[in-house]
Amino acid sequence: MKTVDQKAWLLVLPVVVCVAFSAVLPLMTVMNYSVQDIISPQRRVFVGTEWFVAVMRDSELHDALVRQILFSLAVLAIQVPLGIALALSMPASGWRASAVLVLVAISLLIPWNVVGTIWQIFGRTDIGLLGASLAALGFDYNYTGDPLDAWLTVLVMDVWHWTPLVALLCYAGLRAIPDAYYQAARIDGASPFAVFRYIQLPKLRGVLMIAVLLRFMDSFMIYTEPFVLTGGGPGNATTFLSQYLTQKAVGQFDLGPAAAFSLIYFLIILLLCFVLYNWMLRVGQGDAAAQQAGHG
Amino acid sequence: MARIDLDLAHSYRPSPRNDDDYALLPLKLSFADGGAYALLGPSGCGKTTMLNIVSGLVTPSHGTVLFDGRDMTHASPQQRNIAQVFQFPVIYDTMTVAGNLAFPLRNRGMPRERIRQRVGQIAEMLEMSDLLDVRAAGLSADTKQKISLGRGLVREDVSAVLFDEPLTVIDPQLKWQLRRHLKQIHKELKLTLVYVTHDQVEALTFAEQVIVMTRGRVVQIGSAAQLFERPEHSFVGYFIGSPGMNFLPARWRDGGIEVDGHRLGAGPEPQRLAAAGEFTLGVRPEHVGLAAPGAPGALPVQVQKTQDVGTYGLLTTRRGDALIRARVDVAEPLPAVGERLWLQLIGPHTCFYRNEELIAP
């Protein structure tokens, strides 16, 4: 009989403890809140699924969710192609490559709230470069008053802030393609588009998957920058899910509904990431697996 | 199909000063139309550089590349109409095997029907017809390299097909099979083939003419027999053969050859040896035989190691500081370690070198 060494459990213990304190316990606390009505620290009432039902019927939440999904899709639709294009046009080696890498990475080093502040000033029609320029060109631009302007400004800000992340990931992916592929393409007489379509894009699949997941999760949880830039306004035009949640939990101190909402929010992100991940995996390997099944 | 003439030198550095700066020292070389050539040499000797110059991936820093007499020095691989197969399999992951094989033809705008036909032929030749509709990404390294080979052979009108150590990743059994395929393809299609390798067996079995290179220099061009029997450069003697040629410092004294104070008697071309004074005697282990004590042209040595390789015995013997290896028949018992015996060094296949160049015979 094989002897089983139980010492392995001891080795994973540190991780279990860390994860317990950082993730499991807080999550349990939130779960606990979500099924109770916290009236005061001493008084609480068990309410079952009441908060979940209430949250699901909350029309303001529905609006925020739609706004959020549109925003995340727009972020992906712009940042991923733009990031790839940027990576393709960056120099491959020499001092130019180093210089461009530093330049591209700058926006990633700026703290979120500072990014919000920068754009708050940048977009002002009286002293901001962007706002004043647009005004001078005759556009009726006002991100504090016009919902569409506000929404677009938040989007452009996010593109400015995070496209470099996609670009850097793709750049690393591009540099990892062996020279032989480009040589073979030259021998095979491939056009530049064919090189992109059949060599670069397939080889970038791995990093693009990471980029899409990161950008999706981050944009879905966006909070600080719109909070600083627009405060969620005008009206609720740029109130995304996080901000709505914070309003509920901290602003109105509705801990129960906020907790129920947090859990739903968490599940939405988990579900969408799961779907995205599997879809991208299938795009790469789906037909190969299907063919193998067909042949086998 | 074309005759290719090289008259060039290449340096990857912008302003080469001495020989070490050159990847390829000045050379003149011709590949005849329809010939099968091998470029043989150790890693870093410049053989891949030469191949890339022929294909147009690298432009030589000096000199010219002619295809059928036309200057192609600055032409792209596509203009030269060259096919090249690389050391590691390059496949287009998202395509099927058929898509991969068709890619070079599609890029050149060949009609669909013709492409299908040609892809079918190549797949049959490489015994992968049943894989045509499978996606290439999930296949084994062997199969992927076969696809690369197929992409190299799929165009019929190419000037030449170049192989850059294409069988490195393939396991020995399949190697033999693929090499046979390549020879067969060469016979059928009469393509000019240039094959880069550091494996002498591969080079000698594949090519009609083997070009031996070392440190950016072509040291000998010849058939397998020529390289084996009469290495024109001591590097060829050392590199080809297993084990390589024995080399012993020797000199001419009183009308005879002397090695380590022992007189071996006269050799071929005594005038040249006499003129050289000091030289190196080279003899292959296959040509070193056991001799009777005191026989002319034989040297007394002491046995240091014996190995029975199965089909032959390998003796390692010592004379002074020099080691002499000899291949002997295993039908008779191998001599014991430490035993003293005589080895025949001078014979019809003994070569003499000065400054690494052959001076006699």
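The model shown is predicted, which means the values in this text are computed figures rather than measured ones. (Residues numbered from 1 in each chain as written. Chains lettered and ligands numbered in written order. Predicted model: local features only at pLDDT ≥ 70, side-chain atom pairs only at ≥ 80, totals over all residues.)

Overview of the overall build of chain A
- Along its length, chain A carries 12 helices and 2 strands.
- In chain A, the succession of helices and strands from N to C terminus is α-β-β-α-α-α-α-α-α-α-α-α-α-α.
- A globule of 296 residues ought to have a C-alpha radius of gyration of about 19 Å, yet chain A, at 24 Å, is considerably larger.
- Along the three orthogonal principal directions, the C-alpha set of chain A runs to about 85 × 75 × 40 Å.
- Taking all 296 residues of chain A together, 28% fall into the buried category.
- Once local pairs closer than 6 in sequence are excluded, the contacts in chain A between residues at least 24 apart make up 69%. (Helix = DSSP H or I, 4+ residues; strand = E, 2+ residues; numbered from the N terminus. Rg over C-alpha atoms; globule rule 2.2 N^0.38 Å. Buried ≥ 20, exposed ≤ 12 C-beta atoms within 10 Å, placed from the backbone. Contact = placed C-beta atoms within 7 Å.)

Overview of the overall build of chain B
- A count of helical and extended segments in chain B gives 10 helices and 21 strands.
- Residues classed as buried in chain B amount to 42% of the 361 residues present.

Observations concerning the interface of chain B and chain A
- Each partner contributes residues to the interface: chain B has 24 residues there, and chain A has 18 residues.
- Taken together, the elements giving at least two residues each to the side of chain B that touches chain A come down to helix H2 (77-80), strand S6 (82-85) and helix H3 (97-107) of chain B.
- The class makeup of the residues in the side of chain B that touches chain A is 13 nonpolar, 6 polar and 5 charged. (Nonpolar A, V, L, I, M, F, W, Y, C, P; charged D, E, K, R; others polar.)

Points about the pairing of strand S8 (residues 193-197) of chain B
Residue and element names in this part refer to chain B.
- For S8, the buried fraction is high: 5 of the 5 residues fall into the buried class.
- Every second residue of S8 is oriented toward a common face, with Leu193, Tyr195 and Thr197 on one face and Val194 and Val196 on the other, all of them buried.
- Sheet topology places strand S3 (residues 36-40) next to S8; 5 bridges connect them, and they run parallel. Of the residues in S8, the one forming a bridge with Leu39 is Val196.
- Of the pairings in the sheet, the one linking strand S7 (residues 160-164) to S8 comprises 4 bridges and is parallel in character. Across the sheet, residue Leu162 finds its bridge partner in S8, namely Val194. (Pairing = 2+ DSSP bridges.)

What to know about the nonpolar core
Residues and elements named next belong to chain B.
- Membership of the largest hydrophobic core comes to 77 residues, with the highest contact counts inside it found for Tyr37, Ala38, Leu39, Ala160 and Val194.
- Among the elements that make up this core, the one with the highest residue count is H3 (6 residues).
- Apart from the residues lying within four places of it in its own chain, the contact partners of Leu39 are Lys47, Met50, Leu51, Val194, Val196, Ile211 and Met213.
- With 23 residues, the next largest nonpolar core counts Ala250, Trp252, Val301 and Phe352 among its residues. (Core = buried A, V, L, I, M, F, W, Y, C linked by C-beta atoms within 7 Å.)

Concerning the sheet that holds strand S17 (residues 313-319) of chain B
Residue and element names in this part refer to chain B.
- Here 5 strands make up an open sheet; going across it, the order is S15-S19-S16-S17-S18 and the pairing antiparallel. On the outer flanks of this sheet lie strand S15 (289-291) and strand S18 (322-328), each paired with one strand and no other. On average, each strand axis in the sheet is tilted by 50° relative to the strand beside it, whichever way the strands run.
- Both S15 and strand S19 (residues 340-344) contribute to a ladder of 3 bridges, which runs antiparallel. (Axes fitted to C-alpha atoms, helices over the stretch in contact; angles between N-to-C directions.)

Here's the deal with the domain arrangement of chain B
All names here are of chain B.
- Along its sequence, chain B is carved into domain 1 (4-235) and domain 2 (245-360).
- Put simply, the middle of domain 1 and the middle of domain 2, counted by C-alpha atoms, are 39 Å apart.
- Contacts between the two partners involve 7 residues from domain 1 and, on the opposite side, 10 residues from domain 2.
- Of the residues contributing to the side of domain 1 that touches domain 2, the split by class is 2 nonpolar, 2 polar and 3 charged. (Domains from an automatic or database assignment.)

Focus on unusual backbone geometry
Residue and element names in this part refer to chain B.
- Cis geometry is adopted by the peptide bond preceding Pro243, which originates at Ser242 and carries an omega value of -5°.
- Here Pro243 shows up in the loop between helix H9 (234-239) and strand S11 (246-253).
- Of note in the backbone geometry, Glu127 takes a positive phi value of approximately 55° without being a glycine.
- Tracing the backbone through its elements, the reader meets Glu127 in the loop between helix H4 (112-125) and helix H5 (141-153).

Observations regarding the packing of H3 of chain B against H5 of chain B
All names here are of chain B.
- The interhelical angle for the contact between H3 and H5, taken along N-to-C directions, is 30°, at an axis separation of 8 Å. Here H3 lies roughly parallel to H5, going by the angle between them. When you trace H3 past H5, the crossing you get is right-handed. Across from Val97, Asn100, Leu101, Phe103 and Pro104 in H3, the residues of H5 making contact are Ile147, Gly150 and Arg151.
- Taken together, the residues that form the contact of H3 with H5 break down as 5 nonpolar, 2 polar and 1 charged. (Parallel < 35°, antiparallel > 145°, perpendicular 65-115°, else oblique. Left-handed = near helix turned anticlockwise from the far one by under 90°.)

Overview of the environment of Phe228 of chain B
Residue and element names in this part refer to chain B.
- Within the fold, Phe228 resides in helix H8 (residues 224-229).
- In sequence terms Phe228 and Thr316 are 88 residues apart; their C-alpha atoms lie 20 Å from each other.
- Residues within four places of Phe228 in sequence aside, it is in contact with Ile240 and Gly241.

Quick look at H4 of chain B
Residues and elements named next belong to chain B.
- With 14 residues, H4 extends 20 Å from end C-alpha to end C-alpha; this agrees with the ideal 20 Å at 1.5 Å per step.
- Along H4, the residues classified as buried are Ile115, Val119, Ile122 and Ala123. Projection of H4 onto a plane perpendicular to its axis shows the buried side chains occupying an angular sector of 100°, all on one side. Exposed side chains of H4 directed beyond 90 degrees from the buried face belong to Glu113, Arg114, Gln117 and Glu124.
- Against the buried residues of H4 lie H3 and H5.
- One or two steps after H4, the chain reaches Glu127, where phi turns positive at roughly 55°. (Expected span 1.5 Å × (residues − 1). Arc of directions from axis to C-beta.)

Let's talk about the pairing of S18 of chain B
- As paired strands, S17 of chain B and S18 of chain B are joined by 7 bridges and run antiparallel to one another. By the bridge assignment for S18 of chain B, Thr316 of chain B is matched with Arg325 of chain B.

Brief notes about the sheet that holds S6 of chain B
Residues and elements named next belong to chain B.
- With mixed pairing, the 6 strands of this open sheet are ordered in space as S6-S7-S8-S3-S9-S10. Every other strand in the sheet has two partners, leaving S6 and strand S10 (217-222) as the edge strands with one partner each. Adjacent strand axes in the sheet meet at a mean angle of 20° when their direction is disregarded.
- Seen against the sheet, H5 touches S6 and S7 and runs at an angle of roughly 170° to S6.

What to know about the environment of Gln42 of chain A
All names here are of chain A.
- Relative to the helices and strands, Gln42 is located in the loop between strand S1 (36-40) and strand S2 (43-46).
- Among the residues examined, Gln42 registers 6 C-beta atoms within 10 Å and is labelled exposed.
- Sequence separation between Gln42 and Ser219 is 177 residues, and the spatial gap between their C-alpha atoms is 38 Å.

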